[in-house]
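Observations on chain architecture
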Amino acid sequence: MVVRRLQAVGLVLGPVIFAASPFFWVDGHYGVNGGMLIALSMVPWVYGLIGQYERLRERIPLVAGIWLLLLLIGMFGSIAFGLQGFFEGVFGLHDQVALARFDDYPPQSLLVLWLPGPTFPLSLLVFGVLLLWTRMSPWWVAALICLAAVAFPLGRVLRLEWVAYLVDLLVIIPFAHLAWSAWHRTESRS
């Protein structure tokens, strides 16, 4: 019960910490604080999602296992992007210089940033579809997660603060409901 409740806290804490990052953007870049928040948010968020994985695994073990792998790759990509913003801020690279330098390391950049980066929102989309398919949450929770996953890149790629705030709110609402449900789930209903 303690682990399940810690995972429930992670389902709220992760998205909320992530949602705080745009408040620290520096000219459309994560900067030191925003990048740190992105990287740190992944730990509680994925810890909470592992609790959801355990529930999915009971019903659809193979699909749940593939989704968990996708989630972990996405977590790695999100942490990498957060750390990119952190180091850009530390070294004062608030323009296209940092991104241009990745062109000097195409295979490494592909493996560290460009492939795993979009995988986190993709894993959220798959998670929403799995929730809808298994009926493990109300339809509106699954639908909001899918909508947020599709809109998620817009908030980060466009670097428009109001879009990022809106998308982050779309993420927080369904995850808060999942956290509430996980917190109140009895052992017999696991």
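Residues numbered from 1 in each chain as written. Predicted model: local features only at pLDDT ≥ 70, side-chain atom pairs only at ≥ 80, totals over all residues. Heavy atoms only, no water.

Quick look at the overall build of the protein chain
- When helices and strands are tallied, the protein chain shows eight helices and zero strands.
- Counted from the first residue to the last, the protein chain has its helices and strands arranged as α-α-α-α-α-α-α-α.
- In terms of overall size, the protein chain behaves like a compact globule, its C-alpha atoms giving a radius of gyration of 17 Å where 190 residues would be expected to give roughly 16 Å.
- Along the longest, intermediate and shortest principal axes, the C-alpha atoms of the protein chain span 55 × 30 × 30 Å.
- For the protein chain, with 190 residues in total, the buried portion stands at 45%.
- The long-range fraction of contacts in the protein chain, counting pairs at least 24 apart against all pairs at least 6 apart in sequence, stands at 76%.
- Summed over all atoms, the accessible surface of the protein chain reaches about 9800 Å², with 74% contributed by carbon and sulfur.
- In the protein chain, which carries 11 positive and 10 negative side-chain charges, the distance between the mean positions of the two groups comes to 18 Å. (Helix = DSSP H or I, 4+ residues; strand = E, 2+ residues; numbered from the N terminus. Rg over C-alpha atoms; globule rule 2.2 N^0.38 Å. Buried < 20%, exposed > 50% of the residue type's maximum accessible area, 1.4 Å probe, protein only. Contact = heavy atoms within 4.5 Å. Areas by Shrake-Rupley, 256 points an atom, 1.4 Å probe, with all protein chains shown as cover. Lys, Arg positive; Asp, Glu negative; His and termini not counted. Charge placed at Lys NZ, Arg CZ, Asp CG, Glu CD.)

Focus on helix 2 (residues 31–59)
- The end-to-end C-alpha distance of helix 2 is 42 Å, a good match for the 42 Å that 29 residues give at a rise of 1.5 Å each.
- In the structure, helix 2 departs most strongly from a straight axis at methionine 42, where the bend amounts to approximately 25° and where the proline proline 44 lies between one and four residues downstream. (Expected span 1.5 Å × (residues − 1). Bend = angle between axes of the 7 residues up to and from the residue.)

Brief notes about the pattern of salt bridges
- On inspection of all chains with the given rule, the structure shows two salt bridges.
- For the salt bridge of arginine 101 with aspartate 104, the shortest nitrogen-to-oxygen distance reads 3.5 Å.
- Among the residues examined, arginine 101 registers a relative accessible area of 45% and is labelled partly exposed.
- With a relative accessible area of 48%, aspartate 104 lands in the partly exposed category.
- Arginine 156 serves as the salt-bridge partner of aspartate 168, at 3.2 Å between the closest nitrogen and oxygen. Within this pair, whereas aspartate 168 is found in helix 8 (residues 161–184), its partner arginine 156 is found in helix 7 (residues 139–157), the two being separated by 12 residues in sequence. As far as burial versus exposure is concerned, aspartate 168 and arginine 156 are alike and both buried. (Salt bridge = Lys/Arg side-chain N within 4 Å of Asp/Glu carboxyl O.)

What about the packing of helix 7 against helix 8?
- Where helix 7 meets helix 8, the axes come as close as 8 Å, and the angle between the chain directions of the two elements is 150°. Between helix 7 and helix 8, the angle is such that the two are roughly antiparallel. In this structure, helix 7 crosses over helix 8, and the sense of that crossing is left-handed. Across the interface between the two elements, Trp140, Val141, Leu144, Ile145, Leu147, Ala148, Ala151, Phe152, Leu154, Gly155 and Arg156 of helix 7 pack against Val163, Ala164, Val167, Asp168, Leu170, Val171, Ile173, Pro174, Phe175, His177 and Leu178 of helix 8.
- In terms of residue class, the contact of helix 7 with helix 8 is built from 18 nonpolar, two polar and two charged. (Axes fitted to C-alpha atoms, helices over the stretch in contact; angles between N-to-C directions. Parallel < 35°, antiparallel > 145°, perpendicular 65-115°, else oblique. Left-handed = near helix turned anticlockwise from the far one by under 90°. Nonpolar A, V, L, I, M, F, W, Y, C, P; charged D, E, K, R; others polar.)

Topic: the nonpolar core
- The biggest cluster of nonpolar side chains holds 39 residues, and the ones touching the most others in it are Trp45, Leu49, Phe127 and Phe175.
- Among the secondary structure elements, those contributing two or more residues to this core are helix 1 (2–20), helix 2, helix 3 (61–90), helix 6 (119–134), helix 7 and helix 8.
- For this core, the element with the most residues is helix 8, which contributes nine residues. (Core = buried A, V, L, I, M, F, W, Y, C linked by side-chain atoms within 4.5 Å.)

Side note on the environment of phenylalanine 102
- Mapping phenylalanine 102 onto the fold places it in the loop between helix 4 (97–101) and helix 5 (106–114).
- For phenylalanine 102, a relative accessible area of 22% corresponds to the partly exposed category.
- Residues phenylalanine 102 and leucine 113 lie 11 residues apart in sequence; the distance between their C-alpha atoms is 9.4 Å.
- Every residue in contact with phenylalanine 102, bar those within four places of it in the chain, is listed here: Gln84, Ser109, Leu113 and Trp114.

Overview of the packing of aromatic side chains
- This model, assessed by the stated rule, comprises 13 aromatic pairs.
- Ring pairs connect the aromatic residues Phe18, Trp45, Trp67, Phe120, Phe127, Phe152 and Phe175, which therefore count as one cluster. (Phe/Tyr/Trp six-rings, centres within 6.5 Å; stacked < 30°, edge-to-face > 60°.)

Digging into a nonpolar patch on the surface
- Taken together, the side chains of Val32, Leu83, Phe87, Val90, Phe91, Leu93 and Val97 make up a nonpolar region of the molecular surface, amounting to roughly 580 Å² of accessible area.
- Counting residues per element, the nonpolar patch draws most heavily on helix 3, at three residues.
- With respect to the helices and strands, the residue valine 90 is situated in helix 3.
- Judged by relative accessible area, valine 90 falls into the partly exposed class, the value being 44%. (Patch = residues over 30% accessible without salt bridge, like charges linked within 9 Å, V, L, I, M, F, W, Y side chains within 5 Å.)

Brief notes about the confidence of the model for the protein chain
- Within the protein chain, residue pLDDT values average 91, and 96% of them lie at 70 or more.
- By mean pLDDT, the top-scoring element of the protein chain is helix 6 (97), and the lowest-scoring one is helix 4 (74). (pLDDT = per-residue confidence, 0-100.)

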